[in-house]
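Breakdown of the fold
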Amino acid sequence: MIDKVRVRLYETEDKYWGELVNLGVNRVHIGEEWLRRYERLLAGGIWAAVDLEYDPMLTDARGAIRPFVIRQVRPIQLAGVGLDEVREKRAMLSRDEWRDLILRSVGLEPAALTERMKMLYLLRLVPFVERNYNLVELGPRNTGKSYVYRELSPYSILVSGGEATVASLFVHLGTGRIGMVGMWDVVAFDEVAGLRRLKDATAIQILKDYMEAGSFSRGRDEIQANASMVFVGNLNVDVDTAVRTSHLFTPFPKEMQDLALLDRIHAYLPGWELPKMHSQFIGRNYGFVVDYLAEIFRGLRELPVAHLLDKHFRPGASLNRRDEKAVRRTVSGLVKLLHPDEQVSRGELEEYLVLAMEVRRRVKEQLKRMGGIEFWDTHFSYVDVDSGAEKAVGVPEQRAVGLIPTDLLPSGVVFSASADPTSGKTGIFRLEVAAVKGGTGYAVTGSSGRTVREAARTAYDYLRTHWHELAVEKPLDGHQLNIQVVDLQRAEGLTPSSMAFAVAVVSAMLDRPVAGGTVVLGDITVGGATLAVTGFPDCLQAVAEQGARRALIPIENAGELPSLPQEILSKLDVAFYKDPKDAVLKALGL
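Residues numbered from 1 in each chain as written. Predicted model: local features only at pLDDT ≥ 70, side-chain atom pairs only at ≥ 80, totals over all residues. Heavy atoms only, no water.

1. So, the overall build of the chain
Along the chain, the regular secondary structure elements total 19 helices and 24 strands. Along the first, second and third principal axes, the C-alpha atoms of the chain reach 100 × 65 × 50 Å. By sequence separation, contacts in the chain at least 24 residues apart represent 72% of the contacts at least 6 residues apart. Of the accessible surface of the chain, which amounts to about 25500 Å², a share of 49% is contributed by carbon and sulfur atoms. Taken together, the 72 basic and 77 acidic charged side chains of the chain have centroids lying 2 Å from each other. (Helix = DSSP H or I, 4+ residues; strand = E, 2+ residues; numbered from the N terminus. Contact = heavy atoms within 4.5 Å. Areas by Shrake-Rupley, 256 points an atom, 1.4 Å probe, with all protein chains shown as cover. Lys, Arg positive; Asp, Glu negative; His and termini not counted. Charge placed at Lys NZ, Arg CZ, Asp CG, Glu CD.)

Given below as C-alpha cells:
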C-alpha cells in the first residue's frame, strides 16, 4: 500500500511503533533498520510504498493484539537528479521563461503577477537552494506564506511555533539524537508569535550560534548542520503605521526580539506586497513534478556561485561583515534558482543585488528603531567595479511620512522625545495644551503615568514662580490648562521632557505656534536649571528619522554633538538653550 508512515518511540515500552497515517492504524511493528536508513520516519514521517504483513498472534507490552508489521519501506521520491541535464536544458530558455517555469512548478500563474511579485515569490525559495539561510516573512493572512515549506519538498518541514523545542530542533541530551536542523534542508516556523518554547535564554543563545555559524554546542560537542531557518507570521498592523510608530518585528515574542538574534536574519521578505491567494493566481499550465523540482533545489545547494558577483560589483563602505554575508547569500540563492548554468548577465546580477540589499536593509532599519544609535548606519550602497560609480539602495516603506510634521503646528502643540540609554528604546510624544479662561491649575490626560505627571508638575511649578520673566500678559493663575500627552510610539516607561511641557503652555497662552518640524528636548528643575538629555544620541536619531528638522537642546549636551554621525546631523538644525526662557524664545521665534 501507499501511505504516509511515521514512527515514534514509546519510552515506557522501550519500543518504536509505526503509524499508517491515512489508514488510521497506529502501533504498527517496524524494524529499527528502517529508522537507521530513513531517519525522517522519526521527524514527521515520509510517504512510502509499504509492504504490510498481518500476524494476529503479535501483541504489545500490555497484551493487546497488534497484528500489523511493516516489512518493506520504499520512499516515494527520486533518488537524485543530475544537474548536468538541468544546466543543458536551462540554456534553451530565456531568464524570464525559466522563472515562469519555476513559478508554475510551485503552483503560481506568472501571467497574473507583476515583475516585483515574481521576484518576491522566488525569494521564498532561496532557503531551498542556499545552506544556512535565515529568512523572515511577515504579512497579511492568506498570502501563501507557509504553503511552499509544507508542500514543495520532502526535504523541508513546517513546524507549528508551539511545537518547537531546543531538543526537537537541535539535539536531545538524553538520547543524543540530532534534531530537525540536522535532518531537513529547510526548517520553517509557522506563526512566529507562537514560539513559546524558544523564549528562554538558553534557546535564544543556541539559535544565535546556529543562525550565525551553522553550528551549535549542546553538551560537550559542537555540532554542524546545514538547514536554513524560515520564520513566517502575520503582521496585523498597517505597515506605514508600524514603520512610523514601532517596528516590523512586533509579531515575534518579546523574548525573541533580541537584537543580536534578529541581526542574524539575512532577508526580510515584505509579505504585505504579495496578494491574497485567489483563483487567478493559481497555476494553469504545466511545471516540473514537485519531487523532481525538490531534487534540483537540493543539488543546487552544493553549487558555488557567490564569486560571480565580485566580477562586477562590490558592497559600499557602510555594510559591515554580517551585511555583506547576508547580501551575498541572497544573490547566490537567486542566481542558483534562475541561472543553474551560471550564465548570468551583468544587468541581471545588479537586479538581484538591489533586491538582496533591500531585504537586508529592512532588517537593519528595524534594528535601528529597536536598538538606537548602535545600528544608526543603514545607508546601503554598492559600487560598480568598472566605472567606480556608487548607487544607494532604499527600502520602499521607509518613504512614509514621519510622525513629526513640518507644517506649521497649532498653538499649544509641541513635539518631544526621550530615550532609555540602557536599551536604546526611544519614544516620540505630542503635547497639546489648551488654556481655558476662568479656571486655575492643570489636568493631564492621555498618558498619566507617574513620571509624566511629575514632568508636567515640574514645568507648571517653574512657570508659576517665573511667569513674570516671560512677559506674558495673560495671568497663568487665571486659566485652566488642559494638557494631553500622546505617546506616538507606545513607549512604555518613557516620558516627554518637562521643558517641552513649559514651551507648550507658553505657546497656548500666547496663541503663538511652534515652527513645524521642531522638537524640544531636555528637562528643567522648579528653580529653572536645565538638565542634559539622557540617551542623547538615540533621541536625536529617533527625531531625525521621524521628520524633525529642528531640535532645541540644553547647552549641557553640546559636548556630545561632535561624536554623532554626520548623517544624523545633516538632517537637523540644532539650537542650544541655556535656560528655560531662552528655550521658549527660540521655540516660538521671539
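That was the structure; now back to the text.
2. Focus on the pairing of strand E16 (residues 413-419)
Regular strands have side chains that alternate between both faces of the sheet. Most of E16 is tucked away: seven of the seven residues are buried. Going residue by residue along E16, you find Val413, Phe415, Ala417 and Ala419 tucked away on one face and Val414, Ser416 and Ser418 tucked away on the opposite face as well. Summarising the sheet, E16 and strand E17 (residues 426-437) pair through seven bridges and their orientation is antiparallel. Bridging across to E17, valine 413 finds its partner in glutamate 432. (Buried < 20%, exposed > 50% of the residue type's maximum accessible area, 1.4 Å probe, protein only. Pairing = 2+ DSSP bridges.)

3. Thoughts on the side chain of histidine 479
Its place among the elements puts histidine 479 in strand E19 (residues 479-487). At a separation of 2.9 Å, a polar atom in the side chain of histidine 479 contacts the main-chain carbonyl oxygen of proline 475. Not counting the four nearest positions on each side in its chain, histidine 479 is found in contact with Ala435, Val436, Lys437, Gly439, Thr440, Gly441, Lys474 and Met509. (Polar contact = N/O pair within 3.5 Å; in protein donor to acceptor, adjacent residues only side chain to side chain.)

4. Some words on the packing of aromatic side chains
Applying the stated rule across the entire model yields 15 aromatic pairs. Ring centres 5.8 Å apart and planes at 65 degrees place the aromatic pair phenylalanine 170 and tyrosine 210 in the edge-to-face group. Here phenylalanine 170 is found in the loop between helix H7 (166-169) and strand E8 (186-190), whereas its partner tyrosine 210 is found in helix H8 (residues 201-213), with 40 residues between them in sequence. Overall, the relative accessible area of 0% leaves phenylalanine 170 in the buried class. Residue class for tyrosine 210 comes out buried when judged on its relative accessible area of 1%. With a centroid separation of 5.1 Å and an interplanar angle of 20 degrees, the aromatic rings of phenylalanine 189 and phenylalanine 231 are classed as stacked. Linking phenylalanine 189 in strand E8 with phenylalanine 231 in strand E11 (residues 228-234), this pair joins segments that are 42 residues apart in sequence. Look at phenylalanine 189 and you get buried, because its relative accessible area is 0%. (Phe/Tyr/Trp six-rings, centres within 6.5 Å; stacked < 30°, edge-to-face > 60°.)

5. Things to note about the environment of valine 28
Here valine 28 shows up in strand E3 (residues 25-30). Residue valine 28 is classed as buried on the basis of its relative accessible area of 0%. Distance from valine 28 to valine 126, taken between C-alpha atoms, is 38 Å for residues 98 residues apart in sequence. The residues contacting valine 28, other than those within four sequence positions of it, are Trp17, Gly18, Leu20, Leu52, Phe68, Val69 and Ile70.

6. A word on a negative patch on the surface
Residues Glu11, Asp14, Glu32 and Glu33 make up a contiguous surface patch of negative charge. On the basis of relative accessible area, glutamate 33 is assigned to the partly exposed category, the value being 41%. (Patch = residues over 30% accessible without salt bridge, like charges linked within 9 Å, V, L, I, M, F, W, Y side chains within 5 Å. Salt bridge = Lys/Arg side-chain N within 4 Å of Asp/Glu carboxyl O.)

7. Things to note about helix H16 (residues 498-510)
With 13 residues, H16 should cover 18 Å at 1.5 Å per step; its first-to-last C-alpha distance of 19 Å lies within 8% of that length. Across the 13 residues of H16, twelve count as buried, placing the element largely inside the fold. Listed in full, the buried residues belonging to H16 are Ser498, Met499, Ala500, Phe501, Ala502, Val503, Ala504, Val505, Val506, Ser507, Ala508 and Met509. Among the residues trailing H16, aspartate 511 stands out with phi positive, at a value near 55 degrees. (Expected span 1.5 Å × (residues − 1).)

8. Notes on the packing of helix H4 (residues 115-123) against helix H14 (residues 346-371)
The contact between H4 and H14 brings their axes to 12 Å, and the two run at 65 degrees. With respect to their mutual orientation, H4 and H14 come out roughly perpendicular. In this structure, the crossing between H4 and H14 has a hand that is right-handed. Of H14, the residues touching H4 (which contributes Arg116, Met119, Leu120 and Leu123) are Glu351, Tyr352, Leu355, Glu358, Val359 and Arg362. Residue composition of the contact of H4 with H14, grouped by class: six nonpolar, no polar and four charged. (Axes fitted to C-alpha atoms, helices over the stretch in contact; angles between N-to-C directions. Parallel < 35°, antiparallel > 145°, perpendicular 65-115°, else oblique. Left-handed = near helix turned anticlockwise from the far one by under 90°. Nonpolar A, V, L, I, M, F, W, Y, C, P; charged D, E, K, R; others polar.)

9. What to know about the pattern of salt bridges
A complete count under the given rule lists 42 salt bridges for this structure. Here glutamate 273 and arginine 116 are joined by a salt bridge, their closest N and O atoms 2.7 Å apart. A residue pair is termed long-range when its members are at least 10 positions apart, and glutamate 273 in the loop between strand E12 (267-270) and helix H11 (290-300) and arginine 116 in helix H4 qualify at 157 residues. Salt bridges linked by common partners bring Arg95, Asp96, Arg99, Asp100, Glu115, Lys118 and Glu351 together as one network.

10. Observations regarding the nonpolar core
Within soluble globular proteins, side chains that are nonpolar tend to cluster in buried spots. In terms of nonpolar packing, the biggest core is built from 59 residues, with Leu125, Tyr149, Phe297 and Val331 touching the most fellow members. Here this core takes seven residues from H14, the largest share from any one element. Setting aside anything within four residues of it in sequence, one finds tyrosine 149 in contact with Arg124, Phe128, Leu135, Ser156, Ile157, Leu158, Val186, Ala188, Val230 and Val232. Counting residues in hydrophobic clusters, the runner-up holds 46 residues, among them Val192, Val243, Leu261 and Met370. (Core = buried A, V, L, I, M, F, W, Y, C linked by side-chain atoms within 4.5 Å.)

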